[in-house]
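Here are the chains, one letter per residue:
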Amino acid sequence: MSYSKLMYTCVTVLLAGMLIPSMMALSTAPFGHEMLPYFFHNYTQFNHGAYGGTPRPVVDAQYGYVATMESDIDPWMNSQSGYRTCIQSVREALTSMTKAKDVNDTVLVDNATEGINVILRTMEPPLGPDQFIFDLSTEYAPFAGLYEWMESRYGTKVITADIPFPVTGPESFIAPVAAMLKANASSLNIRVAVVSHIAAYPQIVLPVKELVELFHAYDIPVVVDGAHALGNIDIDLGNMGDPDFYFANAHKWLYAPKSAAFLYVRHDHQRSHVPAPMLIDSPETNTFTDRFIWTGTRDRTAYCAVRDALAWRESLGGEAAIMQYNQGLAREGGDLLVNMWRTRFLGPSEMMSSMVTVQVPTNDLSACQTLRSELCSTYAICVSASSSYTAAESNIPCYWRLSAQIYLDTSDFQRLGEHTINILKDLGALSSSAELGFTHVPV
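The rules we used
- Residues numbered from 1 in each chain as written.
- Predicted model: local features only at pLDDT ≥ 70, side-chain atom pairs only at ≥ 80, totals over all residues.
- Heavy atoms only, no water.
- Salt bridge = Lys/Arg side-chain N within 4 Å of Asp/Glu carboxyl O.
- Helix = DSSP H or I, 4+ residues; strand = E, 2+ residues; numbered from the N terminus.
- Buried < 20%, exposed > 50% of the residue type's maximum accessible area, 1.4 Å probe, protein only.
- Pairing = 2+ DSSP bridges.
- Axes fitted to C-alpha atoms, helices over the stretch in contact; angles between N-to-C directions.
- Disulfide = S-S within 2.5 Å.
- Contact = heavy atoms within 4.5 Å.

1. What to know about the pattern of salt bridges
Counting across every chain of the model gives 9 salt bridges. The partner of Asp 242 in a salt bridge is Lys 101, with the nearest N and O atoms 3.7 Å apart. Of this pair, Asp 242 sits in the loop between strand E8 (222-225) and strand E9 (245-249) while Lys 101 is found in the loop between helix H5 (83-98) and strand E2 (106-109), placing the two residues 141 residues apart along the sequence. Between Arg 266 and Asp 268 there is a salt bridge, with the nearest N and O atoms lying 2.6 Å from each other. Arg 266 gets classed as buried once you look at its relative accessible area, which sits at 15%. Looking at Asp 268, the relative accessible area reads 41%, which means it is partly exposed. Within the structure, one salt-bridge network assembled from shared partners comprises Lys 101, Asp 242, Asp 244, Arg 266 and Asp 268.

Here you go:
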């Protein structure tokens with residue numbers, strides 16, 4: 001069988017026998033526990049934001065691409081009708097979804113970490129000694145490892161704006177950044193700024209447009225980390241202050257397989273050799289998008305399956321329906337916990353996404369970590385890692401970031417709340433609002 005016929009047969013069988021019936025069955029299915037059979041986990045998952053969760057129909061679709069690849073490997077790797085077709089169609093779909101200006105400003109990479117590496121390690125001119133990266137204390141913690149490497153290798157340093165929590169509104173971000181820039185921009189060579197679209201810990205949606213415009217007023221290019229944004233909130237690159245760079249994972253909230261993300265580089269930052277992929281096996285000097293097509297032999301079926309993730313989401317009612325459910329559940333479930341625990345959110349509701357950050361009712365971080373372990377081992381409830389802010393950072397002893405998803409409902413938040421209180425009581429670590437250092441105000 002020829003390659004083209006094989007691909008046609010594989011995709012036709014896949015869609016006709018597997019993916020489409022699932023989609024048709026789901027098109028009228030309500031969100032909540034009825035969606036659980038379409039996911040692989042066998043526990044109550046409140047930490048979807050960490051690594052995502054790929055639905056069974058999308059995994060099945062990826063296996064179909066694997067079968068096509070392995071059945072006739074050479075055309076898959078080298079012809080224009082192989083994986084390159086997937087990359088082109090996914091780039092077009094994500095360009096439209098994020099309202100980017102030009103499909104030729106977007107490429108696919110494995111994850112957000114690759115995105116930040118591509119940008120910072122291949123800037124033109126290269127980052128050097130006595131130059132600074134500006135970031136916020138809410139930046140994704142592992143980025144610090146890259147910053148440290150950049151400093152040890154090139155002498156590049158970091159300047160950080162500290163963000164106090166609980167956040168009260170956009171000014172909680174804008175004011176510290178403005179003050180830091182006013183104090184340092186004239187004396188330090190700040191080459192680039194890195195800001196999150198949605199901070200990972202604590203979860204909060206940043207005022208990205210205002211921050212981008214603030215940095216641009218000082219002629220500082222901006223990298224926006226959208227790792228948690230795609231499929232979680234609307235992304236409008238055309239109404240975001242014209243960021244210089246943007247990247248986002250497809251595996252977290254978009255339901256794509258792992259190793260699928262997109263990178264946007266504004267056209268005026270594209271040079272003959274950079275930005276360049278982290279794996280280079282030829283002196284490519286052609287277009288930005290062509291440089292990322294081939295980076296050695298690897299499995300690119302995760303890229304292909306982004307198309308199937310988008311189709312599956314459409315079968316559920318589309319982006320608006322999914323986001324509305326998840327964001328609504330995050331707020332409703334968060335309200336339930338704040339009132340049950342008599343604690344507080346770490347940010348206002350208008351800055352929440354499909355994740356919510358709630359203070360846990362204990363002054364004992366060790367007990368909070370034990371609580372997390374007990375919830376998992378005894379009750380099969382998975383929450384994010386326990387985190388805290390010291391007294392100097394607002395004195396929040398323990399908080400959790402909780403992800404809402406289409407396979408959860410408010411009863412899951414109710415069970416989490418009740419088990420949390422009971423376990424903390426058993427540990428002798430349940431604290432009142434007064435003991436936590438604030439007066440609880442019902443929401």
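2. A look at the sheet that holds strand E11 (residues 355-359)
Remark on secondary structure: sheet strands pair via backbone hydrogen bonds, oriented parallel or antiparallel. One open sheet accounts for 3 strands, arranged E11-E14-E13; its pairing is antiparallel. A single partner strand is all that each edge strand has here, and the edge strands are E11 and strand E13 (387-389). Ignoring strand direction, the axes of neighbouring strands in this sheet form an average angle of 35 degrees. For E11 and strand E14 (residues 396-403), the ladder comprises 5 bridges, and the chain directions are antiparallel. Bridging across to E14, Val 356 finds its partner in Leu 402.

3. Overview of the state of the cysteines
Summed over all chains, the structure comprises 2 disulfides. The disulfide bridge from Cys 368 ends at Cys 398, spanning 1.9 Å between sulfur atoms. Placement of the pair is Cys 368 in helix H13 (residues 365-379) and Cys 398 in strand E14, with a sequence separation of 30 residues. Look at Cys 368 and you get buried, because its relative accessible area is 0%. Going through the protein in sequence order and numbering each bonded cysteine, the pairs you get are 1-2, 3-4. Considering cysteine sulfurs only, Cys 376 is the nearest to Cys 382, which forms no disulfide, with 5.8 Å between them.

4. Thoughts on the sheet that holds E2
Read from one edge of the open sheet, 7 strands run E2-E10-E9-E8-E5-E3-E4, paired in mixed fashion. This sheet does not close on itself; its edge strands, each paired only once, are E2 and strand E4 (157-161). Neighbour-to-neighbour, the strand axes of this sheet turn through a mean angle of 20 degrees, independent of strand direction. As judged from the 4 bridges shared by E2 and strand E10 (residues 261-265), these two strands associate in the antiparallel manner. Bridging from a neighbouring strand, Val 107 pairs with Leu 263 of E10. Across the face of the sheet, helix H9 (residues 208-216) comes into contact with strand E3 (131-136), strand E5 (189-196) and E8 while running at roughly 160 degrees to E8.

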